[in-house]
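# Observations on the model geometry
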Number of protein chains: 2
Amino acid sequence: MPERLTRVAHLFARLPGVGEKTAQRFALFLATADEEVARDLGTELATLRDHVRPCDRCGNIAELAEGAQPDEPVRCAICRDERRDKALLCVVARVQDLLAIERSGVMRGKYFVLGRLLSPLDGISAEDLPLERLRRIVKDPEAPVSEVLVATPPSVDGEATALLVAREMASLGARVTRIASGVPHGGDLEFADQVTLGRAIEGRKSFG
Amino acid sequence: MPERLTRVAHLFARLPGVGEKTAQRFALFLATADEEVARDLGTELATLRDHVRPCDRCGNIAELAEGAQPDEPVRCAICRDERRDKALLCVVARVQDLLAIERSGVMRGKYFVLGRLLSPLDGISAEDLPLERLRRIVKDPEAPVSEVLVATPPSVDGEATALLVAREMASLGARVTRIASGVPHGGDLEFADQVTLGRAIEGRKSFG
Ligand SMILES: [Zn+2]
Ligand SMILES: [Zn+2]
């Protein structure tokens, strides 16, 4: 393979879930497909971060305003939305989770994106999470948060992260809640795993 | 999602095997990862095709010479290699297959990349294959091909394509051969599928 193509494959391998073989497949495809496929993607990516960045406050994706100054703080559409309930803050692991919760239409508060979960196996510890930034938002005197809803996934790492966040928030006077875990809507009990079923039973609620 | 990011996701979805979800994941990753990840990939891709193109003769990847004219024919390193046997032409489906055969070190001839296989289900018929270009190479009076080795994969589409190529080459005076199909080296007979085992037995050879 030409060196130029090897370089492109290496860059593709930085994408999440893309191994060496897949990265090579992408590079070969772009070297042989219609010319504009590589050019269009390249042009968009080269300038992507001049237009889209993480929100300085919450970590959600934010679109930069036309003619924004480089030192201007970046705020996402949700952080700028004055109709949102500032007293309710939903903590998620990834932007994808935020987007999924937004699609449900149920969350009327604001968000905080951790960007990652605690993961001893991957060497990710408490210091790698933006907990100081989270703390500053929760105890902001101008807009104090009264409820922190932890919406990390119900996995081992997600639960460990939820416990950590709850512990960190304990002294700040906000109530910390956790999303419910159980059998998914439309899910078949027969095919639910044991942990999910166990939690669905432990988390049972009275009718009415 | 910002419109800009949706556009990037659409462009990623053109890559082979990348669905909508994966494309969105790539776009979100690049919008939140270190800035240079998107910029480096973008810069390389935007100019990729100024440096790497399909060989006009065989379809293999070719690196453009420094200062090459736009109307200059593009030739890959294998087509330019005078030590290669011009009388033996190996027909493959994809550049990846060519690279795999090159790694084996056994092929001393030249190649021809079809780019795709016959596939009635995907609406790909004989007219979609570069058979006219293949024919011109095989009957080139300056370097006639005496053996066309068809190395398309031993799948339904690969076999149908091999038969088509054999039929098209029949009148040109070249011998048409097919790579052997059987139990792979190091493969366990217990886990080989029925068709592979059947072919391995049908294609059996005498010792010595
Ligand atoms: Zn925000
Ligand atoms: Zn070539």
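Definitions and cut-offs
- Residues numbered from 1 in each chain as written.
- Chains lettered and ligands numbered in written order.
- Predicted model: local features only at pLDDT ≥ 70, side-chain atom pairs only at ≥ 80, totals over all residues.
- Heavy atoms only, no water.
- Least-squares fit on C-alpha atoms with pLDDT ≥ 70 in both.
- Contact = heavy atoms within 4.5 Å.
- Axes fitted to C-alpha atoms, helices over the stretch in contact; angles between N-to-C directions.
- Helix = DSSP H or I, 4+ residues; strand = E, 2+ residues; numbered from the N terminus.
- Parallel < 35°, antiparallel > 145°, perpendicular 65-115°, else oblique.
- Nonpolar A, V, L, I, M, F, W, Y, C, P; charged D, E, K, R; others polar.
- Donors = N, O, S within 2.8 Å, 3.2 Å for Na, K, Ca; no water.
- Tetrahedral: all angles 85-135°; square planar, octahedral: opposite > 155°, others 65-115°.
- Buried < 20%, exposed > 50% of the residue type's maximum accessible area, 1.4 Å probe, protein only.
- Buried area = accessible area lost by both parts, 1.4 Å probe.
- Salt bridge = Lys/Arg side-chain N within 4 Å of Asp/Glu carboxyl O.
- Polar contact = N/O pair within 3.5 Å; in protein donor to acceptor, adjacent residues only side chain to side chain.

### Description of the relation of the copies chain B and chain A
Under the fitted operation, chain B is carried onto chain A by 0.1 Å of movement along the axis and a turn of 180 degrees, and the coordinates agree to an RMSD of 0.1 Å. Interpreted geometrically, this transformation is the action of a two-fold axis. Scanning chain B for the C-alpha nearest the rotation axis identifies Gly42(B), at a separation of 1.9 Å. Looking at the interface residues of chain B, 100% of them are also at the interface in chain A, so both copies use one shared face.

### Comments concerning the packing of helix α5 (residues 95-104) of chain A against helix α2 (residues 20-32) of chain B
Pairs of packed helices are described in terms of their axes, by the angle between the two and the distance that separates them. Interaxial distance between α5(A) and α2(B) falls to 10 Å at its minimum, and their mutual angle equals 120 degrees. The angle between α5(A) and α2(B) falls in the class oblique. Here α5(A) contributes Val95(A), Gln96(A) and Leu99(A) to the contact with α2(B), which in turn contributes Arg25(B), Leu28(B) and Thr32(B). Considering only residue class, the contact of α5(A) with α2(B) consists of three nonpolar, two polar and one charged.

### Some remarks on the coordination of the zinc ion (ligand 2)
Residue and element names in this part refer to chain B. Around the zinc ion (ligand 2), the protein contributes the donor atoms Cys55 (SG), Cys58 (SG), Cys76 (SG) and Cys79 (SG), at 2.3 to 2.4 Å from the metal centre. Angles of 102 to 120 degrees at the metal separate the four donor atoms of the zinc ion (ligand 2), which places the site in the tetrahedral class. Mapped onto the sequence, the residues coordinating the zinc ion (ligand 2) show the spacing C-x2-C-x17-C-x2-C. Within this pair, whereas cysteine 58 is found in the loop between β1 (52-54) and β2 (61-63), its partner cysteine 79 is found in helix α4 (residues 77-80), the two being separated by 21 residues in sequence. The exposure class of cysteine 79 is buried, given its relative accessible area of 12%.

### Some thoughts on the interface of chain B and chain A
Taken together, the 48 residues of chain B in the interface contact 48 residues of chain A. The junction of chain B with chain A conceals about 4,800 Å² of combined surface from both sides, 68% of it contributed by carbon and sulfur atoms. Along the contact surface separating chain B from chain A lie eight salt bridges. Taking the shortest distance from any N to any O, the salt bridge between Arg14(B) and Asp40(A) comes out at 3.8 Å. Counting across the interface, chain B meets chain A through 18 residue pairs in polar contact (both at pLDDT 80 or more). Every element with two or more residues in the side of chain B that touches chain A is listed here: α1 (3-12), α2, α3 (35-46), β1, β2 and α5 (95-104) of chain B.

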